[in-house]
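# Architecture at a glance
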Amino acid sequence: MSGIGTALELRRVSKRYPGTLAVSEIDLEIRSGEVHAIVGENGAGKSTLMKIIAGCFDDYTGEVAVNGKPVTLRSPAAAKALGIEMIQQELSLAGPLSVAENVLAGRLPTRRGLLDKRATLEEARLCLSLVGLDDLDPSTPVEDIPQHQAQLVEIAKALGYVPCILVMDEPTSALSREEVARLFDIIRRLVQQGLAIVYISHHLSEVFEVADRITVLRDGKRVGTFEAREVTSREIVEAMIGGAASDLYAKRAAPPGDVRLDVRGLTRYGFFHDCSLTVRAGEIVGIGGLSGAGRSELARSLCGIDPADEGSVELDGRFVAPSSYSEAIRDGLAYLTEDRKAQGLALRLTVAENLLSALIPRLCPAGVYTGARDTAIVGRWVGSLHIQPPEPEREMATLSGGNQQKALLGKWLATDPQVLILDEPTRGVDIGAKAVIHRAIAEVADRGKCVILISSDLPELVGLSDRVIVMRRGRLIGELSGPECTEEAVLLAANGEGEAGLGAAGLSPRLDGPHPGPLRPGSGQALPEGEGEG
Amino acid sequence: MTTAPSSATRPMGRWLLSVGSVYVAVALLVVLGCIVRADFLSAENLLQTLKDVSILGIVAVGLCFITLGGHYVDLSIPAIMACSGIVAVYVLPSGFGAALAAGLAMGVALGLVNGLMVGYLRLNPILWTLAAMSLVDGITRWAYGGKWIYALHDTPSGAVFGSLYAGEMLGVVPTTVVIFAAVAVVGDALLRRTGFGRRLKLTGAAYEAARLSGVDPRRTIMWAFVFSGLASALGGVVKTSFNMYGDVDIGLTYDFQAVTAVVIGGVTLAGGRGSMPGVIGGVLVIGLLGRILPLIPGIGQDQQFIIRGVIFIAVVGISMYALRRSGRSDV
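On a predicted model such as this, the values are computed, not experimentally measured, just so you know. (Residues numbered from 1 in each chain as written. Chains lettered and ligands numbered in written order. Predicted model: local features only at pLDDT ≥ 70, side-chain atom pairs only at ≥ 80, totals over all residues.)

Once that is clear, we can look at the overall build of chain B. Looking only at helices and strands, chain B has 14 helices and two strands in total. Against the 2.2 N^0.38 benchmark of 20 Å for 331 residues, chain B shows a C-alpha radius of gyration of 20 Å, consistent with a compact globule. Along the first, second and third principal axes, the C-alpha set of chain B runs to 75 × 55 × 35 Å. With 331 residues in all, chain B has 50% of them scored as buried. Considering only contacts in chain B between residues 6 or more positions apart, those separated by 24 or more positions represent 77%. (Helix = DSSP H or I, 4+ residues; strand = E, 2+ residues; numbered from the N terminus. Rg over C-alpha atoms; globule rule 2.2 N^0.38 Å. Buried ≥ 20, exposed ≤ 12 C-beta atoms within 10 Å, placed from the backbone. Contact = placed C-beta atoms within 7 Å.)

What follows is the structure in structure tokens.
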């Protein structure tokens, strides 16, 4: 019963987090029997919007109607009762339990108060057949089935509730090309049966493959909704970034000097392959790409946090050991993690203790900690990074996100690194902190150090970097510099629009050798196998 | 620029978490002591209070390294104490120095095993040390079963050994108290004045962040267990000096008492937050309770255990509450 009735309608829906309006007065109409893609840059409000639809917030404003009836979505249970199911990016399956128990979690059939095993298996088989998993034995533990099947099991679980609206957040992130194609077949079949699917993805090529309509969000607002057949990926990208790059970022005057950092053929099987790059003195080299392209993994292996399988890293003509991070720090490398709360800072310790935490070996000659230089070091970075409030003895957890991020930067600047590797240095921080951090990064480069900047914030990446290397599916696929280095070109290249990038955006191809080793799909968060694009 | 709810705006929560609050409890207990006993403030009584609690204090100082490092507790403390004490008394005929060294070496060895298991193999600290407790305790009983090795007062080494507990320095201060004070001072210096102390707090507060700061958290945790093993061994040797014979049960209840002292002293069970003065305060609270409670009619040994249990739960509950009030959480 395919139709074009409206399954879900949002009118002037907003959601405010402390300090920011994450979703601002969004109107959205999802029809039965369509795949409606939501795209936007990181921080555009996609996830928040989806969480509103899934009933995760009880404090959104605006009106929502499901199948024409006004409703409220103040709890996940309310959303489920209305036929809205969401498939999160992170799978929510319990590994040790069987596929059947997972699919029917919360509604296991019983007979006379006891679990009805036969009915469980039958019911589960029925759900699994909806996603083409007829051959999967429902009594298998979920931890024993491959990732792509788990993804489908998750979908089968959602379909078991017979939803009218299915929200899918990055459902292909763990799937290979063939598996994605199979998923899309299933999606098309479900849509023909009248289901409305809301599809969120970073991958524009996939969006165009599967979506009927595309809604673009930017800064929490809806920029527009397009018929997928009538729009090009270039137009979507322009809508996502809102035209030309902002001129917030003044280009630095100092020309980069000699090559200081030389990375050759760095490889970690299953994560990234044959990555070579150089950074000159005083240069900021950006690395652009989609999430999952392997940028953080490359950075972590480059400074020895994770092991590299092949390749070398040379700083000022001297090999630095990419095997031990503490040695790398001594050699002058510093990696500013993207996960400040779990990996960057000790929130339970004070600002001062955090600022000094990467300096412990240096401040303890012969193991004895004098603390003589503490105050001066802490004072210097609290002052120059305007950490608010300027109280070194305050516990880190009580600072705002922006100030925590400044402290994380200060922690690494205090080690006076020769190579500063920044992974999403301004994610989730306010505009004031962002400006301070950008200025500090530029200063580091101006003092002749090397800076590698990984950022999904395209204006930041393009505005701050002297050149941008684009990474896609574990490989450095090209480099953009000068006037060719635009947000649009980076985004197109990152999405694998190779030809478009090469022709129109001036993407210079890099030498890509043959596979240095086998890709290992299925090992950890392995990258999907190459698509074989130009 | 907005700030999260700050601890400054929640004075109650902040105060409850400070070292000061422990010493307020100490002061209140002293006042209570003066009520139940007229000569409570006499030097003799106060020194006896300290003496009663010295062995616990030595053990608690060691344990606090493990708790600060984010690994809760070493449940093998009683077994390490007994094993080390027995080894010391066994070696005593070869001289006091050798006995002390052998006892402490035993503690270091057992601590090292704990440290390798928990630090490097990442075994759950509670489960591993619980198993280690059973293992070491069983081996000690097996090897020592039926024997009674005495430290003889009339040998020179035995006399020195006995004075560990019974002796006095400067004519008045019990040697035990001096040992406790020395351990506390060394422990405090280790925490605040060495790279190890800094690494330990960082590891306890945020394991991954420590790793990404160039700290080797595995080695740091291993050392925390070694220091705890050493302190437990010292406590066991002193306790054996009190008994003057090897005994497999000398360590009973020290594990729980030490954790209670550490927690009362404001060391967060999740790790990273706490200080040595706080731990000493926690030890004093337990010592004062032990002096005062028996003076209250109707409170015997059994009731004291109950009271300690209630206090432990109350302190953990209050500190959780205080952390939440001040906008922090430890879970």
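So, on to the overall build of chain A. Within chain A one finds 19 helices and 23 strands. Out of the 534 residues belonging to chain A, those deemed buried represent 49%. Considering only intrachain contacts with a sequence separation of at least 6, the fraction spanning at least 24 residues in chain A is 68%.

Another point: the interface of chain A and chain B. Listed as interface residues are 33 residues of chain A and, on the opposing side, 28 residues of chain B. Mapped onto the side of chain A that touches chain B, the elements with two or more residues apiece are α10 (325-330), α11 (340-344) and α13 (360-363) of chain A. Its residues assigned to classes, the side of chain A that touches chain B comprises 18 nonpolar, twelve polar and three charged. (Nonpolar A, V, L, I, M, F, W, Y, C, P; charged D, E, K, R; others polar.)

Looking now at the sheet that holds strand β16 (residues 310-315) of chain A. Residue and element names in this part refer to chain A. What the four strands build is an open sheet, ordered β14-β13-β16-β17; its pairing is antiparallel. Looking at the sheet topology across the chains shown, the edges are occupied by β14 (272-280) and β17 (318-320). Along the sheet, successive strands turn relative to each other by an average axial angle of 25°, direction set aside. Sheet topology places β16 next to β17; three bridges connect them, and they run antiparallel. Residue pairing in the sheet places glutamate 314 in a bridge with phenylalanine 319 of β17. (Pairing = 2+ DSSP bridges. Axes fitted to C-alpha atoms, helices over the stretch in contact; angles between N-to-C directions.)

We now examine the pairing of strand β18 (residues 333-336) of chain A. All names here are of chain A. Here β18 shows no split at all, with Leu333 and Tyr335 on one side and Ala334 and Leu336 on the other all buried. In this structure, β18 lies alongside strand β19 (residues 419-423), joined through four bridges in parallel fashion. Considered in β19, the bridge of tyrosine 335 is made with isoleucine 421.

With that settled, the discussion passes to the nonpolar core. In terms of nonpolar packing, the biggest core is built from 164 residues, with Ile53(A), Val167(A), Ile421(A), Ile452(A) and Val490(A) touching the most fellow members. Ignoring sequence-local partners within four residues, the contact set of Ile421(A) consists of Ala299(A), Leu302(A), Cys303(A), Ala334(A), Tyr335(A), Leu336(A) and Ile452(A). One finds Ala60(B), Leu104(B), Phe196(B) and Leu289(B) within the second-largest nonpolar core, a separate group that totals 84 residues. (Core = buried A, V, L, I, M, F, W, Y, C linked by C-beta atoms within 7 Å.)

With that settled, the discussion passes to the pairing of strand β15 (residues 284-288) of chain A. Residues and elements named next belong to chain A. With five of five residues buried, β15 is to be regarded as a mostly interior element. Residues of β15 alternate between two faces, with Ile284, Gly286 and Gly288 on one and Val285 and Ile287 on the opposite face, all of them buried. Alignment of β15 against strand β20 (residues 450-454), held across four bridges, turns out to be parallel. Paired with valine 285 across the strands is isoleucine 452, a residue of β20. Relative to strand β21 (residues 467-472), β15 runs parallel, the two being bridged by four bridges. Looking at β21, one finds that glycine 286 is bridged to valine 468.

Here the focus is the packing of helix α3 (residues 43-68) of chain B against helix α8 (residues 175-193) of chain B. Residue and element names in this part refer to chain B. Here α3 crosses α8 at 40°, and the two axes come no closer than 8 Å. Overall, the two elements α3 and α8 adopt an arrangement that is oblique. Seen along the crossing, α3 lies across α8 with a hand that is left-handed. Side by side, α3 and α8 meet where Leu47, Leu50, Lys51, Ser54, Gly57, Ile58 and Val61 of the first sit next to Thr176, Val177, Ile179, Phe180, Val183, Ala184 and Gly187 of the second. Across the contact of α3 with α8, the residue classes tally to nine nonpolar, four polar and one charged. (Parallel < 35°, antiparallel > 145°, perpendicular 65-115°, else oblique. Left-handed = near helix turned anticlockwise from the far one by under 90°.)

All names here are of chain A. Read from one edge of the open sheet, six strands run β6-β9-β10-β3-β11-β12, paired in mixed fashion. Across the chains shown, the open sheet's two edge strands, defined by having one partner strand only, are β6 (84-87) and β12 (221-227). When the angles between neighbouring strand axes are averaged without regard to direction, this sheet yields 20°. With four bridges joining them, strand β3 (residues 35-39) and strand β10 (residues 196-200) adopt parallel strand pairing.

Time to look at unusual backbone geometry. Note that the residue after Gln388(A), namely Pro389(A), is joined by a cis bond; omega there is -10°. Tracing the backbone through its elements, the reader meets Pro389(A) in the loop between α14 (374-384) and α15 (401-413). Notably, Val162(A) is not glycine yet its phi reads approximately 45°, a positive angle. For Val162(A), a count of 10 C-beta atoms within 10 Å translates into the label exposed. Residue Leu170(B) is not a glycine yet carries a positive backbone phi of 55°. Structurally, Leu170(B) is set in the loop between β1 (168-169) and β2 (173-174). With 6 C-beta atoms packed within 10 Å, Leu170(B) lands in the exposed category.

Another point: helix α5 (residues 147-159) of chain A. All names here are of chain A. For α5, spanning 13 residues, the distance from its first C-alpha to its last is 19 Å, which sits close to the expected 18 Å at 1.5 Å a residue. Buried within α5 are the following residues: His148, Gln149, Gln151, Leu152, Val153, Glu154, Ile155, Ala156, Lys157, Ala158 and Leu159. Where α5 is buried, its residues meet β6, α3 (99-103), α4 (117-130), β9 (165-169) and α6 (177-192). (Expected span 1.5 Å × (residues − 1).)

All names here are of chain A. Of all residues in chain A, 88% have pLDDT values of 70 or greater, and the mean over the chain is 83. Note that pLDDT drops below 50 for residues 499-506; the model gives that stretch 19 contacts with residues more than four away or on any other chain. Throughout residues 509-534 the model reports pLDDT below 50, and contacts reaching past four residues in sequence, or to other chains, amount to 50 contacts. (pLDDT = per-residue confidence, 0-100.)

Let's shift gears to the environment of Val30(B). Residues and elements named next belong to chain B. Position of valine 30 relative to the elements: it lies in helix α2 (residues 19-36). On the basis of neighbour count, valine 30 is assigned to the partly exposed category, with 17 C-beta atoms found within 10 Å. As a C-alpha pair, valine 30 and valine 215 span 185 residues in sequence and 43 Å in three-dimensional space.

All names here are of chain B. Taken residue by residue, chain B gives an average pLDDT of 89. The fraction at 70 or more is 93%. Within chain B, helix α1 (residues 11-17) has the poorest average pLDDT of any element, 56, and helix α5 (residues 96-120) the best, 97. For the stretch residues 1-10, pLDDT sits under 50, and the model shows 26 contacts to residues farther than four places along the chain or on other chains.

As for its placement among the helices and strands, Ile86(B) is situated in helix α4 (residues 77-91). Put simply, Ile86(B) and Gly271(B) are 185 residues apart on the chain and 32 Å apart in space, counted from C-alpha to C-alpha.

This part takes up α6(A). All names here are of chain A. In a regular helix each residue adds 1.5 Å, so 16 residues correspond to 22 Å; α6 covers 23 Å between its end C-alpha atoms and thus fits that length. Residues of α6 that are buried: Glu179, Val180, Leu183, Ile187 and Leu190. Around the axis of α6, the buried residues are gathered within 100° of arc, so they sit on the same side. Facing away from the buried surface of α6 by more than 90 degrees, the exposed residues are Glu178, Ala181, Asp185, Arg188 and Gln192. Note on α6: the residue one or two positions beyond its end, glycine 194, has a positive phi of about 100°. (Arc of directions from axis to C-beta.)

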